[in-house]
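Secondary and tertiary structure notes
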Amino acid sequence: MSLRAIKYENNSLEILDQLLLPAQSKYIQVKGVEDGWKVINKMQVRGAPAIAIVGCLSLAVELHNENFESKKQLRQDVEGKLNYLVSSRPTAVNMKIAADELIMLANKLSEDETVELQDMKTLFITTIEAMLVKDIADNRAIGDFGAREILSQVTGDSQVRILTHCNTGSLATAGYGTALGVIRRLHELKRLEHVYCTETRPYNQGARLTAYELVHDKIPATLIVDSMVAALMKHRNISAVVVGADRVAANGDTANKIGTYQIAVLAKYHGVSFYVAAPFTSIDMKILSGDHIIIEERPDHEMTHVGEHRIAAKGITCWNPAFDVTPASLIAGIITEKGVFRPQDLIQQFGQDT
Ligand SMILES: CSC[C@H]1O[C@H](OP(=O)(O)O)[C@H](O)[C@@H]1O
């Protein structure tokens, strides 16, 4: 039972094939950018931070084995491959942010006459490799800030009951997780009474991945069907909802797994605090609101079948958006590695990128 979504050692990259979980725990080799694009697009690896890390590491692996005639050739090569990797899935912004930053680095190194070609290649690869360590550090900070925020809302040393959606744990990041990192931290502090995780149709990230992580960590948890959220909030005293994010706009509107928006509406109706947990690598200050976020639509097969077993009538039309947008007005706080921000604080504190 492994929770490492990504294995990267000695310039060898492997990813845990999440399409096979929980029945099978199998790693597959990613030999370069083509493999990287495919495993992300097929959702063999998924989760906004993990997508960026695997995409960039697939480039690092390829670069390590390539020789270049000049720094200009190297810069042109990485720019083209990074833009290709961005096209693997459109909604999560992490790969786009990483690509933009790495292209800026390549331009800077290419223009710096004191930097030799080999040094440029080495520095570029080590910059990508550093993403693994930074993501885990960010997630632990998110966990701590988020746990403190939620505990600040309860009296005394009472324990809390948390609802989460989709998978935002070690299987969606380099480790520990974002929303699941908040849950892990509450558990470490012995302040977590129970977690409820939704199955998260149609890919079932909750039933297949989050339940897998919670069982692995021996965290008290209950799986519910997506349509049970309203009844759960009515009958079980849920302290807070914590979910992840694929892209947070400058005004705090948040794109996350389909079903998040309706959970936020139900949380408002039931007076339950609704939090988004995400690193700054998931925040897109270049777009003003959620209206500008592209929502990926996935194949009908993911709805009409569970594995290869057909569960919907042949010939039925399907609509399969992988994400929806929760308006900032329904979000109590955005939990990041720099602290917890009210949605309206983001643009005030960090400004909108032009
Ligand atoms: C920290 S993961 C963020 C985000 O990614 C997931 O989407 P997918 O499984 O399609 O990659 C889900 O929306 C998580 O909340």
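The coordinates are above.
Residues numbered from 1 in each chain as written. Predicted model: local features only at pLDDT ≥ 70, side-chain atom pairs only at ≥ 80, totals over all residues. Heavy atoms only, no water.

1. Concerning the site of the ligand
For clarity, the threshold we go by: Note on terminology: near, applied to a residue and a molecule or strand, indicates that one of the residue's heavy atoms is within 4 Å of it. Distance and chemistry together define a polar contact, namely a pair of N or O atoms within 3.5 Å, with one atom able to donate a hydrogen and the other to accept it when in protein, and with adjacent residues in sequence counting only for side-chain atoms on both sides. All accessible areas in this document rest on Shrake-Rupley with a 1.4 Å probe, and a residue is counted as covered only by the protein chains that are shown. The numbering of helices and of strands both runs from the N terminus, where a helix is a DSSP run of H or I of at least 4 residues and a strand a run of E of at least 2. Residue type decides the class: Asp, Glu, Lys and Arg count as charged, Ala, Val, Leu, Ile, Met, Phe, Trp, Tyr, Cys and Pro as nonpolar, and the leftover types, Gly among them, as polar. Domain start and stop positions are those given by an automatic or database domain assignment.
Near the ligand, the surroundings consist of 18 residues, among which Gly47, Arg89, Asp246, Asn256 and Lys257 are the closest. Within the contact set of the ligand, an oxygen atom lies 2.5 Å away from a side-chain nitrogen or oxygen of Asn256. When the ligand sits alone it has 400 Å² of accessible area, and the protein chains cover 99% of it. Mapped onto the shell around the ligand, the elements with two or more residues apiece are α2 (48–64) and β9 (254–257). The residue makeup of the shell around the ligand, split by class, is 7 nonpolar, 7 polar and 4 charged. Among the domains, domain 1 (6–136) and domain 2 (144–350) are the pair contributing at least three residues each to the shell around the ligand.

2. Points about unusual backbone geometry
With omega at 0°, the peptide bond leading from Leu21 into Pro22 counts as cis. Summarising the element assignment, Pro22 is placed in the loop between β2 (12–16) and β3 (27–30). With an omega dihedral of 0°, the bond running from Arg201 to Pro202 counts as a cis peptide bond. With respect to the helices and strands, the residue Pro202 is situated in the loop between β5 (192–198) and α7 (205–216). The backbone of Asn10 sits at a positive phi, close to 45°, despite the residue not being glycine. If you check the backbone angles, Met43 has positive phi at about 65° while not being a glycine. Following the sequence through the fold, Met43 ends up in the loop between α1 (33–41) and α2.

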